[in-house]
Amino acid sequence: MTIADQVTGLPIAGTADAKSLDAKSSDAKSSDAKPVEAKALEAKPRAAAPAITLPVIGERELRLDLFRGLALWLIFIDHLPPNLLTWFTIRNYGFSDATEIFIFISGYTAAFVYGRAMLDSGVVIATARILRRVWQIYVAHVFLFTIFLAEISYVATSFENPLYTEEMGIMDFLKQPDVTIVQALLLRFRPVNMDVLPLYIVLMLALPLILWLMKWKPDLTLGLSVALYAVTWQFDLYFSAYPNGFWAFNPLAWQLLFVFGAWCALGGARRMSRILASPVTMWISIAYLAAAFYVTLTWYVPQLSHFMPKRIEQWMYPIDKTDLDVLRFTHFLALAALTVRFLPRDWPGLKSPLLRPLILCGQHSLEIFCLGVFLAFAGHFILAEVSGGPGMHALISLCGILIMWAMAWVISWYKQVADKSGSKTKNAVGNADLAGGG
């Protein structure tokens, strides 16, 4: 049973489940007991029903929180200089990394929350709620940008090491602060490690249109997303950055993963359930992941590359992250297919205290992501100025994870205990944290 099977309520119009429900409903009623007026109303044509299923508000989907929390931890570790824990991140064993996990879950959860709002309250109300969330993420990005600049500038001046400003990408800010601030507010200037939030802001701005199209033609919407992805690669479309270059994550390409997540949330995963449950899909996914693992081994053991055909190497490289290379996308799909197959929604481990830190971080992703960016530079500074040994690397990584967990616990406590008065209202309109903040 897929994620969409658990979180969606009414069956899709035209499916076998919908027809069986209609049959049961008609059998339960006696045709002789129907008044003439009711029969007359039945003769009238019914309004077209939306082609997506209506999410049901209920228990949180802990698998989404678990993997989003895992993505946040992996992003933090990847932002640090290479160390022992770096070998536990998925980018060393395949083509994709934590970014793909984060964007897919963000698209899934955003569609889950705001798709209900669009079906219940209409396009205008849902758009207003989405734009409010976009504003929250934008404010968080500006606040993080300010704190990040202050942190880097303080360290660079206090320790008389201008290399920090160059390495973290704020040299242009120090040269032309007036112009750079304006460009930063337009999301065109971003220091190192601050590329995810601008990408997510752009994708969320497109969410009202995505949901409106998916409301009636979900498969066509996904097809249009694939077409935009192909056009982006064919004509080299991109978002320009300041002072030169382009965005590290091209929204025109990464929208495919976001839209695919939304499509899965609104019934797509349910329609693919037979494909996902097929042994053929499982073995294809395992074979692809094994091949990707072998390719990544050649990056660290060059001797293994001699066994790889040169034509495959020429076709495969470079594996572009900026434009979401198709090899990265399919690698994520293989991981997702195996995860859905072997990790059911009712897995008892999701209630385990050992996984509670990951789930808590995933439930408050916006705040924890911002904290992770701040901690990553602090850890980079300590490693550069104090010690760069493997023991210190591991200690900083573990301390950063513990701080993120502690912050997530404090936020969760505050929302549950100190903010009880507004909890009912928030639950009624959808949880913003569930909608993929950060």
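Residues numbered from 1 in each chain as written. Predicted model: local features only at pLDDT ≥ 70, side-chain atom pairs only at ≥ 80, totals over all residues. Heavy atoms only, no water.

## With respect to the overall build of the chain
Then, in step 1: A count of helices and strands for the chain gives 21 helices and zero strands.
Then, in step 2: Across the 438 residues in the chain, those meeting the buried criterion constitute 46%.
Then, in step 3: When contacts within the chain are restricted to residue pairs at least 6 apart in sequence, long-range pairs at least 24 apart make up 79% of them. (Helix = DSSP H or I, 4+ residues; strand = E, 2+ residues; numbered from the N terminus. Buried < 20%, exposed > 50% of the residue type's maximum accessible area, 1.4 Å probe, protein only. Contact = heavy atoms within 4.5 Å.)

## Things to note about helix α5 (residues 98-121)
Then, in step 1: An ideal rise of 1.5 Å per residue puts 34 Å on 24 residues; α5 measures up with 34 Å between its terminal C-alpha atoms.
Then, in step 2: At Tyr-114, α5 shows its largest kink, close to 25°.
Then, in step 3: Most of α5 sits out of view: 21 of its 24 residues are buried.
Then, in step 4: Trailing α5 by a residue or two, Gly-122 shows a phi angle of about 100°, which is positive. (Expected span 1.5 Å × (residues − 1). Bend = angle between axes of the 7 residues up to and from the residue.)

## Observations regarding the environment of Phe-369
Then, in step 1: With respect to the secondary-structure elements, Phe-369 resides in helix α19 (residues 365-385).
Then, in step 2: Distance in space between the C-alpha atoms of Phe-369 and Met-404 is 8.8 Å, their sequence separation being 35 residues.

## Details of the packing of aromatic side chains
Then, in step 1: Under the counting rule described, the total for this entry stands at 19 aromatic pairs.
Then, in step 2: A centroid spacing of 6.5 Å and a plane angle of 90° characterise the contact between Phe-145 and Phe-173, whose relative ring orientation is edge-to-face. Taken together, the residues span a long stretch of sequence, with Phe-145 in helix α6 (residues 123-158) and Phe-173 in helix α8 (residues 171-175) at a distance of 28 residues. Judged on exposure class, the residue Phe-145 and its partner Phe-173 are both buried.
Then, in step 3: Above the ring of Trp-247, the side-chain terminus of Arg-190 is found at 4.6 Å from the ring centroid.
Then, in step 4: One residue, Arg-341, lies across the ring of Phe-342, its end atom 5.9 Å from the ring centre. (Phe/Tyr/Trp six-rings, centres within 6.5 Å; stacked < 30°, edge-to-face > 60°. Lys NZ or Arg CZ within 6 Å of the ring centre and 35° of its normal.)

## With respect to the nonpolar core
Then, in step 1: Of all hydrophobic cores here, the largest spans 100 residues; its most connected members are Met-204, Phe-258 and Met-404.
Then, in step 2: The element contributing the most residues to this core is α5, with 14 residues.
Then, in step 3: Not counting residues up to four positions away in its chain, the partners in contact with Phe-258 are Ile-103, Ser-106, Gly-107, Ala-110, Tyr-200, Leu-203, Met-204, Leu-207 and Ile-210.
Then, in step 4: Within the second largest apolar cluster, seven residues are counted, among which are Ala-292, Val-295, Ile-319 and Leu-327. (Core = buried A, V, L, I, M, F, W, Y, C linked by side-chain atoms within 4.5 Å.)

## Looking at the confidence of the model for the chain
Then, in step 1: Averaged over the chain, the pLDDT score is 84; the fraction of residues at 70 or greater is 82%.
Then, in step 2: Within the model, the stretch residues 1-47 combines pLDDT values under 50 with 54 contacts to residues more than four positions away or in other chains.
Then, in step 3: Across residues 425-430, where pLDDT falls below 50, the model places seven contacts with residues more than four positions away in sequence or in other chains. (pLDDT = per-residue confidence, 0-100.)

## Points about the packing of α6 against helix α11 (residues 207-216)
Then, in step 1: Relative to each other, α6 and α11 sit at 145°, their axes nearing to 9 Å. Here the hand of the crossing between α6 and α11 comes out right-handed. Residues Val-123, Thr-127 and Ile-130 of α6 touch α11, and the partners they reach there are Leu-207, Pro-208, Leu-211 and Trp-212.
Then, in step 2: Among the residues making up the contact of α6 with α11, the classes are represented as six nonpolar, one polar and no charged. (Axes fitted to C-alpha atoms, helices over the stretch in contact; angles between N-to-C directions. Left-handed = near helix turned anticlockwise from the far one by under 90°. Nonpolar A, V, L, I, M, F, W, Y, C, P; charged D, E, K, R; others polar.)

## Digging into the pattern of salt bridges
Then, in step 1: What the rule picks out here adds up to 11 salt bridges.
Then, in step 2: Taking the shortest distance from any N to any O, the salt bridge between Asp-219 and Arg-271 comes out at 3.0 Å. Residue Asp-219 is located in helix α12 (residues 218-235), and its partner Arg-271 is located in helix α13 (residues 251-271); the two are separated by 52 residues in the primary sequence.
Then, in step 3: A single network of salt bridges, built from pairs that share partners, joins Asp-97, Glu-100, Lys-321 and Arg-328. (Salt bridge = Lys/Arg side-chain N within 4 Å of Asp/Glu carboxyl O.)

## Some remarks on unusual backbone geometry
Leaving glycine aside, a negative phi is the common case for residues, and trans is the common case for peptide bonds.
Then, in step 1: Across the junction of Tyr-242 and Pro-243, the peptide omega takes the value 5°, indicating a cis bond.
Then, in step 2: The peptide bond linking Tyr-317 to Pro-318 adopts the cis configuration, its omega dihedral lying at -5°.
Then, in step 3: Within the secondary structure layout, Pro-318 lies in the loop between α16 (310-316) and α17 (326-342).
Then, in step 4: Phi is positive for Leu-187, close to 70°, though the residue is something other than glycine.
Then, in step 5: By the secondary structure assignment, Leu-187 is in the loop between α9 (177-185) and α10 (196-205).
Then, in step 6: You will see that Leu-324, though not glycine, has its phi angle at about 50°, which is positive.
Then, in step 7: Tracing the backbone through its elements, the reader meets Leu-324 in the loop between α16 and α17.

## Observations concerning a nonpolar patch on the surface
Then, in step 1: Where nonpolar side chains cluster on the molecular surface, the patch consists of Leu-84, Trp-87, Phe-88, Tyr-93, Phe-293, Trp-299, Tyr-300, Val-301 and Tyr-317 and spans about 920 Å² of accessible area.
Then, in step 2: Among the secondary structure elements, Phe-88 is positioned in the loop between α4 (62-79) and α5.
Then, in step 3: The exposed category is assigned to Phe-88, whose relative accessible area is 63%. (Patch = residues over 30% accessible without salt bridge, like charges linked within 9 Å, V, L, I, M, F, W, Y side chains within 5 Å. Areas by Shrake-Rupley, 256 points an atom, 1.4 Å probe, with all protein chains shown as cover.)

## As for α11
Then, in step 1: Buried within α11 we find Leu-207, Pro-208, Ile-210, Leu-211, Met-214 and Lys-215. For α11, the angular spread of buried residues about the axis comes to 160°, placing them on one side.
Then, in step 2: For α11, the elements touching its buried residues are α5, α6, α10, α12 and α13. (Arc of directions from axis to C-beta.)

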